[in-house]
Amino acid sequence: MRMLINVPESVVPDALRGMAAAHPELTVDVDKRVVVRRDAPVAGKVALISGGGSGHEPLHGGFVGPGMLDAACPGEIFTSPVPDQMVAAAAAVDSGEGVLFIVKNYTGDVLNFDMAAELAEDEGLRVGKVLVEDDVAVTDSTHTAGRRGTGATLFVEKIAGALAAEGAPLERVEAIARQVADSARSFGVALSACSTPAKGGPMFELPPGELELGVGIHGEPGRERRAMMTAGEIADFAVDAVLEDLRPEEPVLALVNGMGSTPLLELYGFCGEVHRVLAERRIPVARTLVGNYVTSLDMAGASVTLCRADEELLRLWDAPVRTPGLRWGV
């Protein structure tokens, strides 16, 4: 399979060097594998840090900047970053107001961020942690005890980042991040497998004419495989799976997310079907974001994330943000 790379072993550092060239507003340490906003630490501000395996771009490095993350720690492809990265990131961005670790629920991420929090606290930093576990497709999966962390991570990083930018204390930023994480659910569908540079081909077999309902962002198995469905049928299945668990009584934020290789033409068509289902279920949609934000390399497919949103969450969602992967209101 053809890939736009040099050699598999250098994919992540090559991408980080490219990110540094494209975004001078960021400080990218290729050796330590840390991406930091250039003006860090920001006086009087709680710092937000997240990270995870590479291959999900723009998550997380593409969300570093004003109004969102202060630093991100990219691991190797689909592999958790190590505690040393997180400690280095915390030291680089802490202004004395504390740091908040935003962690997707994958075993390696959880263990390494927990260890990093202990090390950072030993060095005198105040550390808060929020776990994102929004995927309703399965309870336990290949890399996870409990639900997987997926699209809700974007909502947590954006809304908590906006509150931190206002100068809120660590306890309040952590509380609203947890509120968002508890208020959001996701469901993903794969139309094709993703291919890793190391393997040079698909990570799993998905026969032509079939799809995987409930796929994970590392290609983990979902609920079931079926013959190919229409966009409307997929929307019915995915939205109902989310609503069955979320049961919103207020308007929702909606993320219609591409898995990496699904074009916007198809994503907007799918978005229309998602809105149709929500209207039929009498669920008002306050805001919608469409695009490839939480990806799985070159996987074709999409996910739906819905988040219950009160007026405060909507205000923070609308607040200015300026990152490589998300920007408005600036």
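Scoring rules and cut-offs
Residues numbered from 1 in each chain as written. Predicted model: local features only at pLDDT ≥ 70, side-chain atom pairs only at ≥ 80, totals over all residues. Heavy atoms only, no water. Helix = DSSP H or I, 4+ residues; strand = E, 2+ residues; numbered from the N terminus. Rg over C-alpha atoms; globule rule 2.2 N^0.38 Å. Buried < 20%, exposed > 50% of the residue type's maximum accessible area, 1.4 Å probe, protein only. Contact = heavy atoms within 4.5 Å. Areas by Shrake-Rupley, 256 points an atom, 1.4 Å probe, with all protein chains shown as cover. Lys, Arg positive; Asp, Glu negative; His and termini not counted. Charge placed at Lys NZ, Arg CZ, Asp CG, Glu CD. Polar contact = N/O pair within 3.5 Å; in protein donor to acceptor, adjacent residues only side chain to side chain. Pairing = 2+ DSSP bridges. Axes fitted to C-alpha atoms, helices over the stretch in contact; angles between N-to-C directions.

Going by the annotation in an unreviewed UniProt entry, the name recorded for the protein chain is Dihydroxyacetone kinase subunit DhaK, with Streptomyces smyrnaeus given as the source organism.

1. Quick look at the overall build of the protein chain
Within the protein chain, the secondary structure is distributed over eight helices and 16 strands. Taken against the 2.2 N^0.38 rule, which gives 20 Å for 330 residues, the C-alpha radius of gyration of the protein chain at 19 Å falls within 12% of a compact globule. Per-residue burial for the protein chain yields a buried fraction of 57% across its 330 residues. Residue pairs in contact within the protein chain that sit at least 24 positions apart in sequence constitute 73% of those at least 6 positions apart. Only carbon and sulfur atoms are counted for the fraction: they give 53% of the accessible area of the protein chain, which is about 13,200 Å². Counting 29 positive and 47 negative side-chain charges, the protein chain places the centres of these two groups 3 Å from one another.

2. Concerning the side chain of Lys104
Within the secondary structure, Lys104 is located in strand 5 (residues 99–104). In this structure the side chain of Lys104 is engaged in a polar contact, spanning 2.9 Å, whose partner is the side chain of His60. For Lys104, the contacting residues outside a window of four places in its chain are Gly51, Gly52, Leu59, His60, Asp109, Val110, Leu131, Val132, Gly149, Thr153 and Ile217.

3. Quick word on the sheet that holds strand 5
Here six strands make up an open sheet; going across it, the order is 1-2-4-3-5-6 and the pairing mixed. With one partner strand each, in any of the chains shown, strand 1 (26–29) and strand 6 (127–132) form the two edges of the open sheet. Direction aside, the axes of adjacent strands within the sheet are offset by 20 degrees on average. With six bridges connecting them, strand 3 (residues 47–54) and strand 4 (residues 71–77) associate as parallel partners. Note that in strand 4 the partner of Gly53 across the bridge is Gly75. Relative to strand 4, helix 2 (residues 83–93) is tilted by about 160 degrees, and along the sheet it contacts strand 2 (34–37), strand 3, strand 4 and strand 5. Sheet strands touched by helix 4 (residues 152–165): strand 3, strand 5 and strand 6. Its angle to strand 3, the strand with the most contacts, is close to 160 degrees.

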